[in-house]
Amino acid sequence: MGDNLKYAAPTSKNGFEIAILCALPKERAAVLLLLDDLWDGKGSNRYRYARAEGDYNTYTHGRIGRFNVVIVLLHTMGKVPAAGAATAVRIGYPNISLALIVGICAGVPFPKKSQEVILGDIVISNMLIHYDFGRQYSDCFKAKVEAEDVYGRPNKNIRSLLRSLGDDDCPEVEEQAAGYLRQLQEKNDTDPKRETGKYKYPGVDKDKLFEDSYEHKHHDPTLNCGHCTQGSICEESREIECDELGCDDNLLVPRQRLTLHRAQGSSPLPQIHIGRMGSGDSVIRSAQHRKALAAKGVIGIEMEGAGVWDELPCIVIKGVCDYADSHKGKGWQYYAAATAASVAKAVLDEYPGSGRVTRIEQIKGGHYRVKFSLQ
């Protein structure tokens, strides 16, 4: 999980091979906790990798394992800002061979009969479907079933990396990621300037999946909520967490993984699921719409991948923080961001690189420099 080598910061943007794109500050903060070196110093060194005029994204430069990485915080969420950021990275950092889109997503709880996705698990994309790309008819919206053909397959370099991770069975990577997650949590909790426990596992009983037909709204008729009692949902109830709103736990869907760990009094190890990622600009809070995407093979739902896919060779790595239903909340976002960042670092351990930025060479004094091969 580390080495005793000393590394030197690249002299230019040509020395970076990995880009990590995050849409939210909390996603970026989790990644920063796993940096092995930070290349953005103080004073004049802070701006050694200046961004272009008109570029409003935030860049952080450092090292993760064997790779120099540029971490990009988008100026806002969505595929259009993501596409702009990816274009800026492609132009400004010509030797980027792999971009990781790291953060949080919604998850499909039962992609297969024998497969369970729970909160804190990680979805890795091997294909992308643009879920709000299609035709609007008078009675419905019909997504383009062949949307994955628009984006095409990942390149050979990425397909090789995905094969090395395994076919939805990555025990070694999961174990390595679990170690990085503990490292992230310890680093956060031992820093007096940080909020203790921010990235801890929220608890088995906080992972709630309700039956598809059970809506998150006022169910108590004595509250006299005109909207909720007449079949619609009021805005007030959308902003209230399930515990406060009084959602009926008798309508929870049982999951074997959670039942096992509840009985043992333990926390489940985050699992990696590799498959189709749905990407679009719409935040989904509907179990029925999630179910329709699941029928197309989608196991995770996010908002930035569609913007990056055609600009940079990329993989989406996102932690599941909700189930894209009306009970969607924010209580799992920090933990999911941490599990995604940990898996991203473990994936980079498996990545051989492209050969554009070659080996680390020892020089006098025990320091190291990066030798470039601009092929």
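Up top you'll find the structure we're talking about.
What comes next is a walk through the structure. (Residues numbered from 1 in each chain as written. Predicted model: local features only at pLDDT ≥ 70, side-chain atom pairs only at ≥ 80, totals over all residues. Heavy atoms only, no water.)

### Quick notes on the pairing of strand E3 (residues 58-64)
We count it as follows: Each residue's exposure class comes from its accessible area (1.4 Å probe, protein chains only) as a fraction of the maximum for that residue type: buried when under 20%, exposed when over 50%, partly exposed otherwise. Elements are defined by DSSP. Helices are runs of H or I of four residues or more, strands are runs of E of two residues or more, and each kind is numbered from the N terminus. By the convention used here, strands pair only if DSSP detects at least 2 bridges between them.
Counting buried positions over the 7 residues of E3 gives 6, a clear majority of the element. Judged from the 2 bridges that link them, strand E2 (residues 37-38) and E3 form a sheet pairing that is antiparallel. Note on E3: the bridge partner recorded for Asp37 is Arg63. Two elements, E3 and strand E4 (residues 67-73), share 7 bridges in a ladder whose sense is antiparallel. Residue pairing in the sheet places Ile64 in a bridge with Phe67 of E4.

### Points about the environment of Asp36
Quick note on the threshold: By the convention used here, residues are in contact when the closest approach between their heavy atoms is within 4.5 Å. In protein, a polar contact requires one atom able to donate a hydrogen and another able to accept it; more generally it is a pair of N or O atoms within 3.5 Å, and residues adjacent in sequence count only if both atoms are side-chain atoms.
Mapped onto the elements of the fold, Asp36 is located in the loop between helix H1 (25-32) and E2. For Asp36, a relative accessible area of 29% gives the class partly exposed. Not counting the four nearest positions on each side in its chain, Asp36 is found in contact with Arg63, Ile64, Gly65 and Lys345. Only 2.7 Å separates the side chain of Asp36 from the backbone nitrogen of Gly65, close enough to count as a polar contact.

### Examining the nonpolar core
Heads up, the rule is: To form a nonpolar core, buried Ala, Val, Leu, Ile, Met, Phe, Trp, Tyr and Cys residues must be joined to one another through side-chain atoms within 4.5 Å.
Counting 88 residues, the largest nonpolar core has Ile20, Leu98, Leu100, Ile124, Ile315 and Ile317 as its most contacted members. It is helix H11 (residues 333-350) that contributes the most residues to this core, 11 residues altogether. In this structure, Ile315 is in contact with Leu98, Ala99, Leu100, Ile101, Ile124, Ser125, Ile158, Leu161 and Leu162, ignoring residues within four places of it in sequence. Ranked by size, the runner-up nonpolar core spans 9 residues in total, among them Ala106, Ile129, Val298 and Met303.

### Focus: unusual backbone geometry
The backbone phi angle of Ala324 is positive, close to 55 degrees, even though this residue is not glycine. Note on placement: Ala324 falls in the loop between strand E11 (314-322) and H11. According to the relative accessible area criterion, Ala324 is buried, its value standing at 0%.

### As for the packing of helix H5 (residues 171-189) against H11
The test is simple: To obtain an axis, a line is fitted to C-alpha atoms, over the contacting stretch when the element is a helix, and the angle between two such axes runs from 0 to 180 degrees between their N-to-C directions. The scheme is simple: roughly parallel for angles under 35 degrees, roughly antiparallel for over 145, roughly perpendicular for 65 to 115, oblique for anything else. Working rule for handedness: look at the near helix, and if it is turned counterclockwise from the far one by less than a right angle, call the crossing left-handed; if clockwise, right-handed. Ten residue types, Ala, Val, Leu, Ile, Met, Phe, Trp, Tyr, Cys and Pro, are classed as nonpolar, four, Asp, Glu, Lys and Arg, as charged, and the remainder, Gly among them, as polar.
Following both chains from N to C, one finds H5 and H11 inclined at 125 degrees, their axes separated by 8 Å at the closest point. One element, H5, and the other, H11, form an angle in the oblique class. When the axes of H5 and H11 are compared, the crossing they make is right-handed. Contact residues: H5 offers Val173, Gln176, Ala177, Tyr180, Leu181, Gln183, Leu184 and Gln185, while H11 offers Tyr335, Ala338, Thr339, Ala341, Ser342, Val343, Lys345, Ala346, Asp349 and Glu350. Counted by class, the contact of H5 with H11 contains 10 nonpolar, 5 polar and 3 charged residues.

Scope: geometric values only; no functional claims are made or implied.
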